Amino acid sequence: MTDVTGASADVLHTLFHSDQGGHEQVVLCQDRASGLKAVIAIHNTALGPALGGTRFYPYATEAEAVADALNLARGMSYKNAMAGLGHGGGKAVIIGDPERDKTEELLLAYGRMVASLGGRYVTACDVGTYVADMDVVARECRWTTGRSPENGGAGDSSVLTAFGVYQGMRASAQHLWGDPSLRGRKVGVAGVGKVGHHLVRHLRDEGAEVVVTDVRADAVQRILGQYPEGVTAVADTEELIRTEGLDIYAPCALGGALNDDSVAVLTAGVVCGAANNQLAHPGVEKDLADRGILYAPDYVVNAGGVIQVADELHGFDFDRCKAKAARIFDTTLAIFARAKDDGIPPAAAADRIAEQRMAEARAGGIAL
């Protein structure tokens, strides 16, 4: 079923009526000359202008793109709140194959669309977009972060994203095993692209044993070439999650990695990864808890990147950003403590804290 715009009625119900909705604004963007078709979703601006990346992806349908933008924008509200940033949550998706459809004209058209919002939404990189793309977008839109250093930006945000996930892993180890060290732990990393390969470096530097997989064989071979010892590869994620003796599973690709089927066979005692929206549906966090698997909420541990791009708006300082990202260790521990006190899964505890911060900000009394 669709409405008069052709959008799925399910998507519109999500936007206006469900707990997953509540968005302030959703903008459908089109530029026929360049072929641009995009969705910009602004979820919540209680803490400040919405901040979130631009995903360039070949969605099967426009409705799927809208739904993804809504989910990602909502996640950014929670991520930015938990990271202590003065930003609300937003996200944009560009419909198309970035390898085939991305052009300078399209990116410039997209920049004009973002600029038309007058600063309510600040964009950055995400899946399918890179620093060079943000440099192009910034030519039409001053509300652009994730630019190259030579163009006044902070560069690749995946460096601090990986660092934050690493801190989340250390906090998980502290909570579960009483020691933050990952030396000797076996960690499975699904996806060794922009973030995952930096995460592998942190893990190997500390002496962890790493098992990797990726849909791209060249990405796996790059990792194996860099780390001839201590890193092995398996064929796919299905094999990775069943790996014997796995201590930590790190989903670092697209969302939905944790579902009824994968949780049932997961061998790891901890899930802590960089992917957004890892829980396929709201009941998965309880399934993890019932199996005794500790889940570090994705939007908490992967916030290093957004910490970096937010700092770029005020004059980027890497050491300052890294110090903020290091606090993900303490934030993750606080979430585990809240979960224990309230008798709820960590994902629910993180949501409660983030929602409280947004509600207090809306009332005019936030203290981050």
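Residues numbered from 1 in each chain as written. Predicted model: local features only at pLDDT ≥ 70, side-chain atom pairs only at ≥ 80, totals over all residues. Heavy atoms only, no water.

## Things to note about helix H8 (residues 217-226)
We apply this condition: When a residue's accessible area, from a 1.4 Å probe over protein chains only, is under 20% of the maximum for its type it is buried; when over 50% it is exposed; and in between it is partly exposed. Helix numbering and strand numbering both begin at the N terminus, where a helix is a DSSP run of H or I of at least 4 residues and a strand a DSSP run of E of at least 2. In this description, one arc is meant: the one made by directions from the helix axis to the C-beta atoms. Contact definition: two residues touch when any of their heavy atoms are within 4.5 Å.
Every buried residue of H8 is listed here: Ala219, Val220 and Ile223. An end-on view of H8 places all buried positions within 100° of arc, on one side of the element. What points out from H8, more than 90 degrees from its buried face, is the exposed set Ala217, Asp218, Gln221 and Gly225. Considering only its buried residues, H8 is in contact with helix H7 (196-206), strand S8 (209-213) and strand S9 (231-233).

## Some words on the packing of aromatic side chains
Each aromatic ring pair is specified by the distance between its two centres and by the angle formed by the two planes. Applicable threshold: Here the aromatic set is Phe, Tyr and Trp, taking the six-membered ring for Trp, and pairing holds for ring centres within 6.5 Å; pairs whose planes are under 30 degrees apart are stacked, those over 60 apart are edge-to-face, and all others are tilted. In our convention, an over-ring charge means Lys NZ or Arg CZ found within 6 Å of a ring centre and within 35 degrees of that ring's normal.
Taken as a whole and judged by the stated rule, the model has 3 aromatic pairs. Between Tyr57 and Tyr59, the ring centres sit 5.1 Å apart and the planes meet at 70°, which makes this aromatic pair edge-to-face. On the numbers, 5.7 Å between centres and 65° between planes, the contact of Tyr78 with Tyr299 is edge-to-face. Here Tyr78 is found in helix H2 (residues 62-82), whereas its partner Tyr299 is found in helix H12 (residues 298-301), with 221 residues between them in sequence. Pair check on accessibility: Tyr78 and Tyr299 agree, each one buried. Seen from the ring of Trp177, Arg185 lies directly overhead, with NZ or CZ sitting 3.8 Å from the centre. The positively charged end of Lys194 is found above the aromatic ring belonging to Tyr130, 4.6 Å away from the centroid.

## What about the pairing of strand S2 (residues 36-44)?
Applicable threshold: Pairing between two strands is assigned when DSSP locates at least 2 bridges connecting them.
Along S2, 8 of the 9 residues are buried, which leaves the element largely enclosed by surrounding structure. Note: strand S1 (residues 25-31) against S2, 7 bridges, orientation antiparallel. In the sheet register, Leu28 faces S2, and the bridge partner there is Val39. Remark: 4 residues form the turn of the hairpin made by S1 and S2, two consecutive strands paired antiparallel; Gly35 in that turn has positive phi of roughly 85°.

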